[in-house]
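Observations on the three-dimensional arrangement
Chain by chain, the residues run as shown.
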Amino acid sequence: MQQLTRDHLERKSMRTLGRNVQMSKSTVMKVIHTVTHVAKDAVWIAKKFQPIWGGVLVVDGKGVKVFESLAKSLKHRGMSSQEYKRLHRKVWICGIDYLTGDLPHYTLADEETKVDLVMYFKILKEEIHYELKVLVCDGNEDIVLAARKVYGETFLVQRCT
């Protein structure tokens with residue numbers, strides 16, 4: 001189970017993992033969900049192990065689909081397909097420490113707005129104690145504004161391509 005989860009964290013797909021261990025994709029998913037269900041969050045890991053990060057943080061938001069039983073039941077109550085899809089869409093805000101490849105913190109938000117990003121950076125600074133030296137991000141100006149609101153002018157900004 002541990003090796004399967006480790007391989008998944010190394011970005012191997014469920015299908016590839018299933019082929020490697022002669023399991024179905026759904027069986028591999030069940031194994032990984034069993035392990036990750038008992039995993040601790042980033043705040044607990046940071047407080048317990050006090051990792052040494054490089055301070056170069058690559059931040060971006062990615063739209064992801066989420067599924068919940070409530071949205072499924074609402075579909076049958078006359079919702080339009082557009083409303084149904086909106087209920088299934090969240091933004092995964094993630095920061096990766098460039099030097100270590102670790103994810104010091106990530107969160108799900110309704111949108112990638114300044115408010116959501118400020119909350120993300122507050123946890124990163126106040127609870128995880130991440131020392132931000134360089135922020136790497138795309139053209140979303142809200143990322144820089146939110147980071148400046150929390151960290152001040154203490155870091156450099158680099159645009160990614």
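Here the structure is shown first, and the text comes after it.
What comes next is a walk through the structure.

Right, let's get into the packing of aromatic side chains. Across all of its chains, the model carries five aromatic pairs by this definition. Each residue in the set Tyr120, Phe121, Tyr151 and Phe155 is aromatic and connected to the rest through ring pairs, giving one cluster. Positioned above the aromatic ring of Tyr151 is the side chain of Lys125, whose terminal nitrogen or guanidinium carbon lies 5.6 Å from the ring centre. Over the aromatic face of Phe155 sits the side chain of Arg148, whose NZ or CZ is 4.2 Å from the ring centroid.

What follows concerns the environment of Cys137. With respect to the secondary-structure elements, Cys137 resides in strand 4 (residues 134–137). Owing to a relative accessible area of 0%, Cys137 belongs among the buried residues under this scheme. Spatially, the C-alpha atom of Cys137 lies 6.2 Å from that of Asp60, the residues being 77 residues apart in sequence. If we ignore the near neighbours within four places in the chain, the residues touching Cys137 are Val59, Ile143, Val144, Gln158, Arg159 and Cys160.

Attention now goes to the sheet that holds strand 1 (residues 56–65). Taken together, five strands build an open sheet; the order of strands is 3-2-1-4-5 and the sheet is mixed. The open sheet terminates on both sides in strands that have one partner only, identified here as strand 3 (105–109) and strand 5 (156–159). Taken pair by pair, the neighbouring strands of this sheet meet at an average axis angle of 20°, ignoring direction. Along the sheet face, helix 7 (residues 114–127) touches strand 1, strand 2 (89–97), strand 3 and strand 4 and points at about 155° away from the line of strand 3.

Here the focus is the pairing of strand 1. Relative to strand 4, strand 1 is paired through four bridges, and the arrangement is parallel. Bridge pairing links Val58 to Val136 in strand 4. Examined bridge by bridge, strand 1 and strand 2 share nine bridges and lie antiparallel to one another. Along strand 2, the bridge assignment pairs Lys65 with Arg89.

Side chains of Trp92, Leu103, Tyr106 and Leu108 sit close together on the surface and give an oily, nonpolar patch of about 380 Å² of accessible area. Within the secondary structure layout, Trp92 lies in strand 2. Classification of Trp92 as partly exposed rests on a relative accessible area of 31%.

To continue, consider the pattern of salt bridges. A pair can form between side chains of opposite charge whenever their charged atoms are brought close. With the rule as written, the count across this model stands at three salt bridges. In this structure, Glu141 and Arg159 form a salt bridge, with 2.8 Å as the shortest nitrogen-oxygen distance. Of this pair, Glu141 sits in helix 8 (residues 141–151) while Arg159 sits in strand 5, and the two are 18 residues apart along the sequence. Take Glu141: its relative accessible area is 38%, and that puts it in the partly exposed class.

Let us now look at the nonpolar core. Of all hydrophobic cores here, the largest spans 26 residues; its most connected members are Leu57, Phe121, Leu132, Leu135 and Tyr151. Looking at this core, the elements that each hand over two or more residues are helix 4 (42–49), strand 1, strand 2, helix 7, strand 4 and helix 8. By residue number, the principal contributor to this core is helix 8, which donates six residues. In this structure, Tyr151 is in contact with Phe121, Leu124, Lys125, Tyr130 and Leu132, ignoring residues within four places of it in sequence.

Rules of the game
Counting restarts for each chain: residues are numbered from 1 in the order of the written sequence. Side-chain atom pairs in this predicted model are given and counted only at pLDDT of 80 or more, local residue features only at pLDDT of at least 70, and totals for whole chains, interfaces and linings cover all residues. Only hydrogens and water are removed before side-chain values are computed, so all heavy atoms of the structure are retained for them. When two rings of Phe, Tyr or Trp (its six-membered ring) have centres within 6.5 Å they constitute a pair, described as stacked for plane angles under 30 degrees, edge-to-face for angles over 60, and tilted for the intermediate range. Geometrically, a lysine NZ or arginine CZ counts as sitting over a ring once it is within 6 Å of the ring centre and also within 35 degrees of the ring normal. Labels follow the DSSP assignment, with helices taken as runs of H or I lasting at least four residues and strands as runs of E lasting at least two, numbered in each case from the N terminus. Only protein chains enter the accessibility calculation, which uses a 1.4 Å probe; a residue is then buried when its area is under 20% of its type maximum, exposed when over 50%, and partly exposed in between. Contact criterion: two residues are considered in contact whenever any of their non-hydrogen atoms come within 4.5 Å of each other. DSSP calls a pair of strands paired once it identifies at least 2 bridges connecting them. Comment: axis = line fitted to C-alpha atoms, over the contacting stretch for helices; angle = value between 0 and 180 degrees taken between N-to-C directions. Think of a patch as exposed residues, more than 30% relative accessible area, with no salt bridge, where like charges cluster within 9 Å and nonpolar side chains (Val, Leu, Ile, Met, Phe, Trp, Tyr) cluster within 5 Å. The method behind every accessible area is Shrake-Rupley, applied with a 1.4 Å probe, and residues are considered shielded solely by the protein chains displayed. Each reported salt bridge corresponds to a side-chain nitrogen of Lys or Arg within 4 Å of a carboxyl oxygen of Asp or Glu. Among buried residues, those of type Ala, Val, Leu, Ile, Met, Phe, Trp, Tyr and Cys that are joined through side-chain atoms within 4.5 Å constitute a nonpolar core.

These figures capture arrangement, not role.
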